[in-house]
Amino acid sequence: MAEVAHTDLRMTLSEHLGELRSRLLKCVISVVVLGAASLVFAKQIYGLLMRPVLASLPPQTAHFIYTSAIEELNVYMKVGLYTGLFLSTPVVLWQLWGFISPGLYPKERRLAGPFVVFGSAAFLAGAAFCYLVLLPTMFQFLLREEGAASMETQLDAARLKEQDAIRYLRMGELARAGKVAKETSDALGSRGVAEGDMGLSLVPKERADVLGRLEGLGRLLDAAQEGLGPQARPVLREVVEKRLQAVEAFSEGRHSEAVKLTDEAASRLTAAAPARTSELFELWRLEKALGTGRARYEAMNWTRPMLSMNEQLSLVLLLELALGIIFELPLVMALLGLAGLVQAKWLMRYQRHALVVCLILAAVITPTGDAVNLAMLGGPMLLCYELGVLAVWLIERRRKSADASAAAS
């Protein structure tokens, strides 16, 4: 005879509601206690949660703002509450199992331990997938324009090499300075940083271009004063005067004239060391390339993010919680299968509908509209559904085998 639930475990509706209230109260107490304990480390946890966001921001804007005096405190309180909710996952799963276990077979009630362990592991896996895979790609797409991000990296590397070229010039080693400058300029040109079409831009590049030239010319003058010796000072004085004229033209908005004057000043600078004209020319070519690259970068990246602490935390926590729950789907479906509320053949029949629902939910949860992030969320969701179908099918098969063995005996 097949195993059945004990009759003494049957309860009235009021008893069911009373037990449900008791178990929900235990879950709430667990969340409150663990959340209060997490407040001690709320700031560190917040920093860890926001790391994918900060890593996607340009270095000069990698920070958050708060718009009220108590927003930071509210953020840390929210961090503590959600941390308590995450840490209470085993308690919530245990209480859920305790609530539905009276309707299961006696052998199935012994699966409480595996249910809690695998449920907690699935929730943790979903949160980890969100943190390590989904959040970095999503915020990179939202906060950084791909071309501007690549250009910024190239410009940063070029600026570091330009500093070394300037150091060689200060030491009087013009051959090394010219070599480093030429290699860096050629690299910027080959990668399209200092030339090429910017496309549609709302920011004029002339001002940034001239400003970069003037700053670069000033650095060359400072280094040449040390590296070329006292005999070059008369020529350098002329270059300074030309630069002052260029600055005056720049301040009055005559950018074309300022560009012409900087070229004349740089041409005059090469006369300070007649034997090293080509090296000084390469140094000036690098400064022009950096100025042009800076102008193109600012023209492409003309928006600056100002992110609120509370808004970004809410977005990250929503996605973390959503992915954790999604990864619980196979376990929930298996639990419904144990309770006899769903059947494998019914789930298989509506697989196409499940695909559409998964894509719709992924589109609602994901704040971006690109196909990559949609697939990164919809794919695991659909995979979890298929695993749930497989789990229900295995449970039904095991039950049929057990019933057949009991009938034969």
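Now for a description of the structure that goes with this document. What you see is a predicted model; the values in this text were computed from it and never measured.

Conventions used here
- Residues numbered from 1 in each chain as written.
- Predicted model: local features only at pLDDT ≥ 70, side-chain atom pairs only at ≥ 80, totals over all residues.
- Heavy atoms only, no water.
- Helix = DSSP H or I, 4+ residues; strand = E, 2+ residues; numbered from the N terminus.
- Buried < 20%, exposed > 50% of the residue type's maximum accessible area, 1.4 Å probe, protein only.
- Salt bridge = Lys/Arg side-chain N within 4 Å of Asp/Glu carboxyl O.
- Expected span 1.5 Å × (residues − 1).
- Phe/Tyr/Trp six-rings, centres within 6.5 Å; stacked < 30°, edge-to-face > 60°.

We now examine the overall build of the chain. The helix and strand tally for the chain stands at 18 helices and two strands. Burial analysis of the chain (409 residues in total) assigns 41% to the buried set.

Right, let's talk about the pattern of salt bridges for a bit. This model, assessed by the stated rule, comprises 18 salt bridges. For Arg-219, the salt bridge identified is with Glu-162, shortest N-O distance 2.8 Å. Of the two residues, Arg-219 is situated in helix 10 (residues 206–227) and Glu-162 in helix 8 (residues 146–170); the sequence distance between them amounts to 57 residues. Since its relative accessible area comes to 5%, Glu-162 is described here as buried. The salt bridge partner of Asp-209 is Arg-213, with a shortest N-O separation of 3.8 Å. Taken as a pair, Asp-209 and Arg-213 lie in helix 10 at a separation of four residues, close to a single helical turn. You'll find Asp-209 and Arg-213 in the same group, each marked buried. Taken together, the shared-partner salt bridges connect Lys-182, Asp-186, Glu-282 and Arg-285 into one network.

Spanning 17 residues, helix 4 (residues 71–87) covers 24 Å between terminal C-alpha atoms, matching the ideal 24 Å at 1.5 Å per step. Taken together, the buried positions of helix 4 are occupied by Glu-71, Val-75, Tyr-76, Val-79, Gly-80, Thr-83 and Gly-84.

On inspection of all chains with the given rule, the structure shows six aromatic pairs. Arranged with centres 5.1 Å apart and planes meeting at 65 degrees, the rings of Phe-86 and Phe-123 form a pair that is edge-to-face. Placement of the pair is Phe-86 in helix 4 and Phe-123 in helix 7 (residues 112–143), with a sequence separation of 37 residues. You can call Phe-123 buried: its relative accessible area is 9%. With 5.9 Å between their ring centres and 35 degrees between their planes, Phe-129 and Phe-327 make a pair best called tilted. Placement of Phe-129 in helix 7 and of Phe-327 in the loop between helix 14 (309–326) and helix 15 (329–338) is noted, with a sequence separation of 198 residues between them. Site record: aromatic cluster; members linked through ring pairs are Tyr-46, Phe-64 and Tyr-76.

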